[in-house]
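# A structural walkthrough
Residues per chain are reported as follows:
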Amino acid sequence: MGKLATGMMALKNENTTGLISLLSLNALLLVVNILDLNNIWLNYDPSKEQAMSQLVHEGTYVLIFSIVMAMMVVLFFFKGNLNFYNRNKWLKYGAYCWIIQNTFLVASVFMRDLYYIQRHGLAYKRLGVLFFLLMVLIGLISVALKVKNRKTNYYLLRVNATAAIIVLVMASTVHWDELIAGYNLSRKDKLDLDVPFLLTLSDKTIPLLEKNIAFLQQLEDKAPPKVERDFYDAGSCNACFVEQLKYKEKQFLKKQSAYSWLSWNYADNYVKRYLTYLSTSH
């Protein structure tokens, strides 16, 4: 702002500069949201071949860029005396408009991720996008409260750090590998099932894979022959899904035999009992 940041008119000039900045950001984001409304919400064609990962990544990058740019403006201008300036009404309206537009952008990214999951199933990064969007929503709400109630920047840091800890602790209560495998296998007839990925998940997923071994055999029979293995050292092709599963089970039992009771845990014990039952029932 140069000389505009000093003197008796400094506060008014700062308010005007902030308003122009927020109006510019809102105008840019409005263009993005209109494009998303047309391409993601109204005219999306699920049958159209396209790179789903690129679709999600593009939306996420735009969301990150939008938030970083506008957060810099909000944190810079909504501090000190400008918080109490009695003519900052339109500056607040500009901030609220940005928050609403970013909320719509969050919803658009969620739809992109949902389309991705519907076509290819769950995976770590697709779940990570959902948690990222949750944290963004919490951040947007905290920014709105900061602007409305004239809170400090420390308030934003404290609220969002607390929210991040709570979300991470809650996320640690879910066995994500089992959830991913269960979701994908339950929709195996509707998804482009990535079996090599499922075989890299933790040993807790072995019972789920065993219950779907007939389907794995069908996929194996349809796969092209003589494809080199990517994930296991079992000396066979990477499309030999049943063999890979059996190799995975063998490695699991081998590791378990070397453990003492000190290494006992419910998840491993469940898989071990299931494999014991499987071997005796055949």
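Up top you'll find the structure we're talking about.
Residues numbered from 1 in each chain as written. Predicted model: local features only at pLDDT ≥ 70, side-chain atom pairs only at ≥ 80, totals over all residues. Heavy atoms only, no water.

## Regarding the pattern of salt bridges
All chains considered together, the criterion is met by five salt bridges. Asp-203 serves as the salt-bridge partner of Lys-255, at 3.4 Å between the closest nitrogen and oxygen. Of this pair, Lys-255 sits in helix 10 (residues 241-257) while Asp-203 sits in the loop between helix 7 (195-199) and helix 8 (206-211), placing them 52 residues apart in sequence. Accessibility expressed as a relative area gives 17% for Asp-203, which makes it buried. (Salt bridge = Lys/Arg side-chain N within 4 Å of Asp/Glu carboxyl O. Helix = DSSP H or I, 4+ residues; strand = E, 2+ residues; numbered from the N terminus. Buried < 20%, exposed > 50% of the residue type's maximum accessible area, 1.4 Å probe, protein only.)

## Quick notes on helix 5 (residues 153-171)
End to end, helix 5 covers 27 Å across 19 residues, agreeing with the expected 27 Å (1.5 Å per residue, within 8%). Burial in helix 5 covers these residues: Tyr-155, Leu-156, Asn-160, Ala-163, Val-167 and Ala-171. Down the axis, helix 5 shows its buried residues gathered within 115° of arc, on one side only. The outward face of helix 5, more than 90 degrees from its buried face, is lined by the exposed residues Tyr-154, Leu-157, Ile-165 and Leu-168. Looking at the buried side of helix 5, the elements it contacts are helix 2 (52-77), helix 4 (124-149) and helix 6 (176-186). (Expected span 1.5 Å × (residues − 1). Arc of directions from axis to C-beta. Contact = heavy atoms within 4.5 Å.)

## Examining the packing of aromatic side chains
Scanning all chains against the criterion turns up five aromatic pairs. Plain terms: the ring middles of Phe-131 and Trp-176 are 5.6 Å apart, the flat faces sit at 85° to each other, and that makes the pair edge-to-face. Taken together, the residues Phe-131 in helix 4 and Trp-176 in helix 6 connect sequence positions 45 residues apart. Given a relative accessible area of 24%, Trp-176 falls into the partly exposed group. Over the ring of Tyr-116 we find Arg-126; its NZ or CZ atom is 4.2 Å from the centre of that ring. When the ring centre of Tyr-155 is taken as origin, the NZ or CZ atom of Lys-151, which lies over that ring, is 5.5 Å away. (Phe/Tyr/Trp six-rings, centres within 6.5 Å; stacked < 30°, edge-to-face > 60°. Lys NZ or Arg CZ within 6 Å of the ring centre and 35° of its normal.)

## As for the environment of Ser-142
Within the element layout of this structure, Ser-142 appears in helix 4. A distance of 2.6 Å separates the side chain of Ser-142 from the backbone oxygen of Gly-139, its partner in a polar contact. Engagement of the side chain of Ser-142 in a polar contact is seen with the side chain of Asn-160, the distance being 3.1 Å. (Polar contact = N/O pair within 3.5 Å; in protein donor to acceptor, adjacent residues only side chain to side chain.)

## Some points on the environment of Phe-215
By secondary structure assignment, the location of Phe-215 is in helix 9 (residues 213-222). Separated by 26 residues in the primary sequence, Phe-215 and Phe-241 have C-alpha atoms spaced 10.0 Å apart. Setting aside its immediate chain neighbours within four residues, Phe-215 contacts Lys-188, Asp-189 and Leu-193.

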